[in-house]
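Structural overview for review
One letter stands for each residue in the lines below.
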Amino acid sequence: GTPVELGCEAEGRPPPLLSWFRGVTVLREEPVSTGLRLILPGVEPDHAGTYSCVAENRHGRHNRSLQLHVAYAPRSPILNGSLWVVAGDP
């Protein structure tokens, strides 16, 4: 449920187009930039995955990827007769 900020910086001549991807989906792009931040507000387990920053200009393309793992505190069990159940997602 907390925000996560991912940063990416690149320099080139001409200045690169910077893009953030999750898989093949473009999440954010910024032309002619040396830095691009991606803010993920309220991170949940389904935000886990591979995120890639790509810098490209007419001379080439370079990328870096990271694997985001989302951990969260266990939920309190609920007592229902003699059966204990964890509230929320399994």
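So, a few notes on the structure that sits alongside this text.

How each quantity is defined
- Residues numbered from 1 in each chain as written.
- Predicted model: local features only at pLDDT ≥ 70, side-chain atom pairs only at ≥ 80, totals over all residues.
- Heavy atoms only, no water.
- Salt bridge = Lys/Arg side-chain N within 4 Å of Asp/Glu carboxyl O.
- Helix = DSSP H or I, 4+ residues; strand = E, 2+ residues; numbered from the N terminus.
- Contact = heavy atoms within 4.5 Å.
- Disulfide = S-S within 2.5 Å.
- Buried < 20%, exposed > 50% of the residue type's maximum accessible area, 1.4 Å probe, protein only.
- Pairing = 2+ DSSP bridges.

1. Quick notes on the pattern of salt bridges
- Scanning all chains against the criterion turns up two salt bridges.
- One salt bridge connects E56 with R61, and the closest N-O pair in it is separated by 3.6 Å.

2. Focus on the environment of E44
- Looking at the secondary structure, you find E44 in the loop between β4 (35–40) and β5 (49–57).
- Spatially, the C-alpha atoms of E44 and P3 are 9.5 Å apart, while their sequence positions differ by 41 residues.
- Each residue touching E44, except ones within four places of it in the same chain, is listed here: G1 and V70.

3. Remarks on the state of the cysteines
- Under the defined criterion, the tally for this structure stands at one disulfide.
- Disulfide partner of C8: C53, at an S-S distance of 1.8 Å. Disulfide C8-C53: the torsion about the S-S bond is -80°, which places it as left-handed. Of this pair, C8 sits in strand β1 (residues 4–9) while C53 is found in strand β5, placing the two residues 45 residues apart along the sequence.
- A relative accessible area of 13% means that C8 is categorised as buried.

4. Comments concerning the pairing of β5
- Of the strand pairs in this sheet, strand β2 (residues 17–22) and β5 are connected by six bridges, and their pairing is antiparallel. Note that in β5 the partner of L17 across the bridge is E56.
- Direction of pairing for β5 relative to strand β6 (residues 60–68): antiparallel, over a ladder of nine bridges. Within the sheet, the bridge partner assigned to S52 lies in β6 and is S65.
- In this structure, the hairpin formed by β5 and β6 is closed by a connection of two residues.

Don't take any of this as a statement about function, it's just geometry.
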